[in-house]
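If you want the building blocks of each chain, they are given just below.
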Amino acid sequence: MLLLVGLGNPGPEHQRQRHNIGFMAIDAIAERYNFAPFRKRFQGELAEGVLNGVKTLLLKPQTYMNLSGKSVGEAAHFYKLPPAQVVVLHDELDLAPGKLRVKQGGGHAGHNGLRSVDAAIGADYRRLRLGIGHPGKEQVLGFVLQNFSKAEQDWLNPLLDAIADAAPALARGDDVGFMNKVALKLTPPRNEPPRDAPERRTKPKEQ
């Protein structure tokens, strides 16, 4: 079993904010793979489905960001899931907009949602870090609680689509494969001639 957790804040006023990119990614996965409707459980919204043959739970804590661990802890303990079977999707200031990284364990880097999850289940869960860019230290709070701009939709929507496409790799535990598939979808390879193709040479002009 796999527990995918998106971090964000509940309510329509927060729906399109940068801090809620975790919720957005969870919704994209739920829609792509026809998960059951979300229902209220574990102080959050929970949907059940299957990814790559693995029973998967999608969780959106409704406790507000700073208390996300309450919801995650209840779900993980109820299903007796070790941290390695929990993947937390969250906004990441220290990655460029539209970039992502998957890592297991590590610090929370000041992210209050991660700090709360760490306190609930320890720090050894997997993190899907979703880059939103950094506005500068003095502007962080206002920045994460602002809606994505119209210009940012150009990278946000393709990113969410690529995450949904590659999500089965997360269920396999293939984090590197997941990142590679997302990267290929966002930046497809150019059509280049095969390396062993003979070079075309022009016939020298007769003197």
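Structure's up top.
Because the structure is predicted, anything quoted here is derived from the model rather than measured. (Residues numbered from 1 in each chain as written. Predicted model: local features only at pLDDT ≥ 70, side-chain atom pairs only at ≥ 80, totals over all residues. Heavy atoms only, no water.)

Q: Quick rundown of the sheet that holds strand S3 (residues 44-51)? Include the residues and the values.
A: Taken in spatial order, the 7 strands of this open sheet run S2-S3-S4-S1-S5-S7-S6, and their pairing is mixed. Each of the sheet's edge strands pairs with one partner strand only, and the pair in question is strand S2 (39-41) and strand S6 (100-104). Sheet twist, expressed as the average angle between the axes of neighbouring strands with direction ignored, equals 30 degrees. Across 3 bridges, S2 lies against S3 in antiparallel orientation. Each residue of the ladder has a partner; that of Arg-41, found in S3, is Gly-44. Set on the sheet, helix H2 (residues 68-78) makes contact with strand S1 (2-6), S2, S3, strand S4 (54-61) and strand S5 (86-92); between it and S4 the angle comes to about 155 degrees. (Pairing = 2+ DSSP bridges. Helix = DSSP H or I, 4+ residues; strand = E, 2+ residues; numbered from the N terminus. Axes fitted to C-alpha atoms, helices over the stretch in contact; angles between N-to-C directions. Contact = heavy atoms within 4.5 Å.)

Q: Pulling in residues and values, what's your account of H2?
A: When H2 is considered as a whole, its buried residues turn out to be Ser-68, Gly-69, Ser-71, Val-72, Gly-73, Ala-75 and Ala-76. Downstream of H2 by a residue or two, Lys-80 has a phi angle that is positive, lying close to 55 degrees. (Buried < 20%, exposed > 50% of the residue type's maximum accessible area, 1.4 Å probe, protein only.)

Q: Please provide a residue-by-residue account of the packing of helix H1 (residues 21-32) against helix H5 (residues 153-171), values included.
A: One way to put it is that H1 packs onto H5 with a least axis distance of 9 Å and a crossing angle of 50 degrees. Taken together, the axes of H1 and H5 are oblique relative to one another. Taken as a pair, H1 and H5 cross one another with a handedness that is right-handed. Within the contact between the two elements, H1 uses Ile-21, Met-24, Ala-25, Ala-28, Ile-29 and Arg-32 and H5 uses Trp-155, Leu-156, Leu-159, Leu-160, Asp-161, Ile-163, Ala-164, Asp-165 and Ala-167. In terms of residue class, the contact of H1 with H5 is made up of 12 nonpolar, no polar and 3 charged. (Parallel < 35°, antiparallel > 145°, perpendicular 65-115°, else oblique. Left-handed = near helix turned anticlockwise from the far one by under 90°. Nonpolar A, V, L, I, M, F, W, Y, C, P; charged D, E, K, R; others polar.)

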